[in-house]
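# Overview (structure and organization)
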Amino acid sequence: METLYEYLLDNYKENEPIFLVDLQVDGMTRTNVRQQIKKLTDTGKVKRFDNGIYFLPKKTIFKSGSQLAPEKVLECKYLRDKDERCGYVSGLIFFNQMGLTTQVPMMYEVVSNKATSDYRETSLAKSRVIVRKPKVPVTEKNYKALQFLDMLKDDLISSGISADHIIQLRYTSEELDDDMTAKQMYRDIKEKMTDSERYYLLLDEVQEVDGWEKAVNSLLEDSNTDIYVTGSNSKLMSSEISTYLTGRYISIPAFTLSFAEYLEFKKDSGRTPKELLNEYIRMGGFPIVALGNFDERSSYQIVEGIYNSVITSDITKRHNITNFDLFNRVVKYVVENVGKTFSANAIVKFMKGEGRSLSVEAVYNYLEWLEKAFVIYRCQRYDMQGKTVLKTQEKFYLADASLKYCMMGFNPKSVAAMLENIVYFELRRKGYDVYIGKNATKEIDFVAVRRDERIYVQVCRNFPEESEREVANLLEIKDHYPKYVVTLDELAGGNINGVKIVHLVDFLLAADY
């Protein structure tokens, strides 16, 4: 009996699903395993969640002990295969997770590579579960796009759109004919449209078809269509798209997890938001990292793999970069200077100091390619007196703080700059256009504009007792828009002459400002 219990303690964490079918213990038959698990359940060392599913209960102050969340079971059973992504949740449960509805789902819907049929209904702890087989294999790279398209499709159907007027297609390099052209893409879609009613086209990875934007443009011109395009490649942001689809498209950016979303991923951890903030700052917001219980080293290895994939596929190959070492040094310079203003000339001079030759034009190209691959985001300066956007001394922020740490290791001295990084993206997620404020000789970390709204934000690690710089710079702005100092100071709160002093946790979790 203790042999199996010791095996479980060595191989499973508390409140982690244990699937009876997966238990293979040396020296024990399947019958022995079933008998032993029943004895362990009878003594309370193991708890039964559902038929064939058990867990090691976590000790609590309550007599009944901890319970296993159904979402955790779904994740282990359908969404992950060891450390690999193999599925995703869809339907009402995904709408609920996204905050698009407060309706509590009465069933779970998942799409999984583990599904053996196109559609199957099963149960989990008396809850109904619908399992669907994906049209293409689910991976870490594509699951968000597939999930988004499924959400659109479900929303269209729930609003009364007939399923046969929703055309969902995925264009991956593995599935495309080598000679697939934009014209063929156009004809294939047109053949599926059999009447004059409106069709809704959900197209993923379209960048794999050269000239895809021409096909989309033609469908907008001569067909009754509403088209949704998703993709992960930097070509989706290339300049020719705006040429072909001017005034015809709305771009929906996708960022890494916000802190609120990160908390949702970690809701079963038992830790407070302020405890999890430290982890969020160090580990970043990539979903694959948030889903697992990785140590710092493993997390950075995962992020480094994502970074290398983007650099190789979206930049190096696409732009035929031959001197990768020089390009990588420019990237490192940008990473080292997150939150600082600098120019292309500054990079050229720095490189010259290292004995490397690089033109200003090459630097501009490198920065543009990194932007189009969503590795860095440009934040321009705004002259608050002249009310104009300035073209020099911009700042760049990384798509995720963990990108810096995976390249350079975690350094407490760099936290202040990365706090700016986190606040910048929180403002972007909430729909603001974000600038650096230049008010005469003073700098405001962020001027955030959304339609006729505006807020001013200063960011600092600790609220300085001996200096009034953070507040004074804001007080010199002669208007009545909200002004904030965001800090990690535990005593943050209240306001000084109308300037609100806010802890980072409260700022990130605020519904609005």
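Attention in this report is confined to the structure presented alongside it. (Residues numbered from 1 in each chain as written. Predicted model: local features only at pLDDT ≥ 70, side-chain atom pairs only at ≥ 80, totals over all residues. Heavy atoms only, no water.)

## Things to note about the overall build of the protein chain
We apply this condition: Under the DSSP-based scheme used, a helix requires at least four consecutive residues in state H or I and a strand at least two consecutive residues in state E, with every element numbered from the N terminus. Radius of gyration here uses only the C-alpha atoms, and the compact-globule reference equals 2.2 Å multiplied by the residue count raised to the power 0.38. For this analysis, residues touch if any pair of their heavy atoms sits within 4.5 Å. With residues, only the protein chains shown are counted as cover, and all accessible areas are computed by Shrake-Rupley using a 1.4 Å probe.
A tally of helices and strands in the protein chain yields 19 helices and 20 strands. Its C-alpha atoms give the protein chain a radius of gyration of 26 Å, within 12% of the compact-globule value 24 Å for 513 residues. With the C-alpha coordinates of the protein chain rotated into their principal frame, the extents come out at 80 × 65 × 50 Å. The contacts in the protein chain between residues at least 6 apart in sequence include a share of 58% that link residues at least 24 apart. A total accessible area of about 27,000 Å² is found for the protein chain, and carbon and sulfur atoms account for 48% of it.

## Description of the sheet that holds strand E8 (residues 119-124)
Convention followed: For two strands to be treated as a pair, DSSP must find no fewer than two bridges joining them. To obtain each axis, a line is fitted to C-alpha atoms, and for helices this fit is confined to the stretch in contact; angles are then taken between N-to-C directions over 0 to 180 degrees.
Strand order across the open sheet formed by four strands is E6-E7-E9-E8, with mixed pairing between neighbours. Pairing within the sheet leaves two strands with one partner each, and these edge strands are strand E6 (87-90) and E8. Averaged over all adjacent pairs, the angle separating strand axes in this sheet is 30°, with direction ignored. Alignment of E8 against strand E9 (residues 127-132), held across six bridges, turns out to be antiparallel. In the sheet register, Leu 124 faces E9, and the bridge partner there is Ser 127. Sheet contacts for helix H3 (residues 70-79): E6, strand E7 (107-112), E8 and E9; angle to E7, the most-contacted strand, approximately 20°. Packed onto the sheet, helix H5 (residues 143-158) meets E6 and E7 and runs at close to 25° relative to E6.

## Things to note about the nonpolar core
Which entries qualify depends on this criterion: For our purposes a nonpolar core is just a set of buried Ala, Val, Leu, Ile, Met, Phe, Trp, Tyr and Cys residues, chained together by side-chain atoms within 4.5 Å. The classification of residues rests on relative accessible area computed with a 1.4 Å probe and restricted to protein chains. Under 20% of the type maximum is buried, over 50% is exposed, and intermediate values are partly exposed.
Counting residues in hydrophobic clusters, the biggest one holds 77 residues, and the most contacted among them are Val 423, Leu 427, Phe 446, Val 457 and Phe 507. Of all the elements, helix H17 (residues 415-429) adds the most residues to this core, at eight residues. Residues within four places of Val 423 in sequence aside, it is in contact with Phe 446, Val 457, Val 459, Val 486, Leu 504 and Phe 507. Ranked by size, the runner-up nonpolar core spans 20 residues in total, among them Phe 19, Ile 53, Leu 68 and Val 129.

## Observations regarding the environment of Ser 343
Its location among the elements puts Ser 343 in the loop between helix H13 (324-336) and helix H14 (344-353). With a relative accessible area of 24%, Ser 343 lands in the partly exposed category. Spatially, the C-alpha atom of Ser 343 lies 5.5 Å from that of Gln 393, the residues being 50 residues apart in sequence.

## A look at the side chain of Lys 266
In this structure, Lys 266 sits in the loop between helix H9 (259-265) and helix H10 (273-283). Judged by relative accessible area, which is 8%, Lys 266 ranks as buried.

## Remarks on the side chain of Asp 150
Rules: Note that His is not counted, nor are the chain ends; the positive residues are Lys and Arg, and the negative ones are Asp and Glu. Salt bridge, as used here, is a side-chain nitrogen of Lys or Arg placed within 4 Å of a carboxyl oxygen of Asp or Glu. Definition of a polar contact: a pair of N or O atoms within 3.5 Å, with one able to donate and the other able to accept a hydrogen when the atoms are protein atoms, and with sequence-neighbouring residues admitted only if both atoms are side-chain atoms.
Mapped onto the secondary structure, Asp 150 falls in helix H5. There is no salt bridge for the buried Asp 150, and the closest opposite charge comes from Lys 153, which lies 6.4 Å off by N-O distance. In terms of polar contacts, Asp 150 uses its side chain to reach the side chain of Tyr 88, at 2.6 Å. Other than its neighbours up to four places away in sequence, Asp 150 contacts Tyr 88, Ser 90, Val 111 and Gln 168.

## Points about the packing of helix H6 (residues 182-191) against helix H7 (residues 212-222)
When two helices pack together, their arrangement is given by the angle between the helix axes and by the axis-to-axis distance. Put simply, the rule is: In this scheme, roughly parallel covers angles under 35 degrees and roughly antiparallel covers those over 145, while 65 to 115 is roughly perpendicular and the rest are oblique. Handedness of a crossing is defined here by the sense of rotation of the near helix relative to the far one, left-handed for an anticlockwise turn of less than a right angle and right-handed for a clockwise turn. Here the term charged refers only to Asp, Glu, Lys and Arg, the term nonpolar to Ala, Val, Leu, Ile, Met, Phe, Trp, Tyr, Cys and Pro, and the term polar to all other amino acids, Gly among them.
Where H6 contacts H7, the axes come no closer than 8 Å and their chain directions differ by 40°. It follows that H6 is oblique to H7 by the angle criterion. For the crossing formed where H6 meets H7, the hand is right-handed. Residues Ala 182, Met 185, Tyr 186, Ile 189 and Lys 190 of H6 lie in contact with H7, whose contacting residues are Trp 212, Ala 215, Ser 218, Leu 219 and Asp 222. Here the contact of H6 with H7 is built from residues that sort into seven nonpolar, one polar and two charged.

## Details of unusual backbone geometry
Its identity is not glycine, yet Asn 15 carries a phi of approximately 60°, on the positive side. Even without glycine at this site, Phe 374 takes up a positive phi of about 65°.

## Brief notes about the pairing of strand E14 (residues 388-398)
Summarising the sheet, strand E13 (residues 376-383) and E14 pair through seven bridges and their orientation is antiparallel. Residue pairing for E14: Tyr 382 is matched across the bridge by Val 389. Connecting E13 to the antiparallel partner E14 that follows it, the hairpin turn spans four residues, and Lys 387 within it adopts a positive phi of roughly 55°.

## Here's the deal with the packing of aromatic side chains
What counts here: Aromatic pairs are defined between Phe, Tyr and Trp rings, using the six-membered ring for Trp, whenever the two ring centres lie within 6.5 Å; interplanar angles under 30 degrees are classed as stacked, those over 60 as edge-to-face, and all others as tilted.
What the rule picks out here adds up to 22 aromatic pairs. With a centroid separation of 5.9 Å and an interplanar angle of 55°, the aromatic rings of Phe 255 and Tyr 377 are classed as tilted. Remark: Tyr 377 occurs in strand E13 and Phe 255 occurs in the loop between helix H8 (239-244) and H9; sequence separation between them is 122 residues. Note on Tyr 377: relative accessible area 12%, which makes it buried. Considering the side-chain rings of Tyr 397 and Tyr 424, the 4.8 Å spacing of their centres and the 20° angle between planes classify their relative orientation as stacked. Placement of Tyr 397 in strand E14 and of Tyr 424 in helix H17 is noted, with a sequence separation of 27 residues between them. For the pair formed by Tyr 397 and Tyr 424, the shared burial category is buried. Chaining the aromatic ring pairs together yields one cluster made of Phe 255, Tyr 377, Tyr 397, Tyr 424, Phe 425 and Phe 446.

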